[in-house]
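# Structural characterization, general
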Amino acid sequence: MTGRDRFSTATRIRIIGEQTAARVYRSQTKRQARRSRLTGRAALLAMVLCSLVVALAYPIRQYVAQRAEIADLRQEREATRQRVEDLRDLKARWQDDAFAEQQIRLRLHYVMPGETGFVVIDPDAAKQARTDVGAADRPWYRNVWAAVDKADAARRQ
């Protein structure tokens with residue numbers, strides 16, 4: 001009977017189950033042994049790395065912010081230096097009598113004795129003035145309301 005039990009299906013299933021259970025038990029004990037052996041080291045390493053990150057985060061952030069501020073100040077200094085150079089050039093040009101005379105004629109519309117002065121009107125401005133002539137075609141109350149709107153718009157600016 002033992003020979004026959006050895007080859008029965010129930011016996012084979014029981015033997016396969018026992019072998020599988022033994023393999024699972026061996027693999028679990030190996031994993032648990034590895035885990036328990038590395039867990040302390042891993043926790044210590046993680047704690048050291050976290051403390052380093054926390055300790056260095058604020059100084060590194062300050063360093064980066066200060067470097068950016070230094071770069072901005074250098075750029076501002078260069079722009080100011082360029083502005084000073086431009087103003088010195090302008091001052092030197094104003095020392096020249098020909099340049100001063102040209103600017104006086106251009107800005108103040110002065111003319112020399114014997115010359116005839118004239119001003120050229122911008123064609124776009126003339127067209128704009130012509131559009132206001134259409135106000136006579138509108139009813140009087142629309143003209144009043146348009147004047148109120150213009151005054152209100154001018155006050156906002």
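Residues numbered from 1 in each chain as written. Predicted model: local features only at pLDDT ≥ 70, side-chain atom pairs only at ≥ 80, totals over all residues. Heavy atoms only, no water.

### Quick notes on the overall build of the protein
For clarity, the threshold we go by: Numbering of helices and strands runs from the N terminus, with a helix taken as a DSSP run of H or I at least four residues long and a strand as a DSSP run of E at least two residues long. With a 1.4 Å probe rolled over the protein chains alone, any residue whose accessible area is under 20% of its type maximum counts as buried; one over 50% counts as exposed, and the rest are partly exposed. In these tables, accessible area is a Shrake-Rupley quantity obtained with a 1.4 Å probe, and a residue counts as shielded only by the protein chains included in the view.
Within the protein, the secondary structure is distributed over 5 helices and 0 strands. Shown N-terminal to C-terminal, the secondary structure of the protein runs as helices and strands in the order α-α-α-α-α. Evaluated residue by residue, the protein yields a buried proportion of 3% over its 157 residues. Approximately 15,000 Å² of the protein is accessible, and the part contributed by carbon and sulfur atoms is 59%.

### Examining a nonpolar patch on the surface
Using the following cut-off: A patch consists of residues exposed above 30% relative accessible area that lack any salt bridge, with like charges linked at up to 9 Å and nonpolar side chains (Val, Leu, Ile, Met, Phe, Trp, Tyr) linked at up to 5 Å. Salt bridges are counted wherever a side-chain nitrogen of Lys or Arg sits within 4 Å of a carboxyl oxygen of Asp or Glu.
There is a patch of nonpolar side chains on the surface, built from Leu 44, Leu 45, Met 47, Val 48, Leu 49, Leu 52, Leu 56, Ile 60, Tyr 63 and Val 64 and spanning about 1,000 Å² of accessible area. Position of Leu 44 relative to the elements: it lies in helix α2 (residues 9-95).

### Looking at the confidence of the model for the protein
Filter applied, for reference: Values of pLDDT, ranging from 0 to 100, describe the predictor's confidence in every residue of the model.
Averaged over the protein, the pLDDT score is 83; the fraction of residues at 70 or greater is 82%. Helix α1 (residues 2-6) is the least confidently modelled element of the protein, averaging 55 in pLDDT, while helix α3 (residues 97-108) averages 91, the highest of any element.

### Quick look at the packing of aromatic side chains
The description of an aromatic ring pair rests on the distance of the ring centres and on the angle between the ring planes. Operational definition: Whether two aromatic rings pair depends on their centres lying within 6.5 Å, for rings of Phe, Tyr and Trp, where Trp uses its six-membered ring; planes under 30 degrees apart make the pair stacked, over 60 edge-to-face, and the rest tilted.
Tallied over the full model, the rule gives 2 aromatic pairs. For the pair Trp 94 and Phe 99, a centre-to-centre distance of 5.3 Å together with 80° between the ring planes defines the contact as edge-to-face. The buried category is assigned to Phe 99, whose relative accessible area is 15%. Considering the side-chain rings of Trp 140 and Tyr 141, the 5.9 Å spacing of their centres and the 85° angle between planes classify their relative orientation as edge-to-face.

### Here's the deal with unusual backbone geometry
Not every positive phi belongs to a glycine, and His 109 is a case in point at roughly 60°. Its location among the elements puts His 109 in the loop between α3 and α4 (123-131).

### Quick word on α3
Defined as follows: A helix is expected to span 1.5 Å multiplied by its residue count minus one. The arc refers to the directions leading from the helix axis to the C-beta atoms.
In this model α3 runs 16 Å from its N-terminal to its C-terminal C-alpha over 12 residues, within 8% of the 16 Å that 1.5 Å per residue would give. The set of residues buried in α3 consists of Phe 99, Ala 100 and Gln 103. Burial along α3 is one-sided: seen end-on, the buried residues are contained in an arc of 95°. Where α3 ends, the next residue or the one after it, His 109, has phi of about 60°, a positive value.

### Describing the side chain of Gln 103
This is how it is decided: Residue contacts are counted whenever heavy atoms from the two residues lie within 4.5 Å of one another.
Structurally, the position occupied by Gln 103 is in helix α3. Beyond its immediate sequence surroundings of up to four residues, Gln 103 is in contact with Trp 94 and Leu 108.

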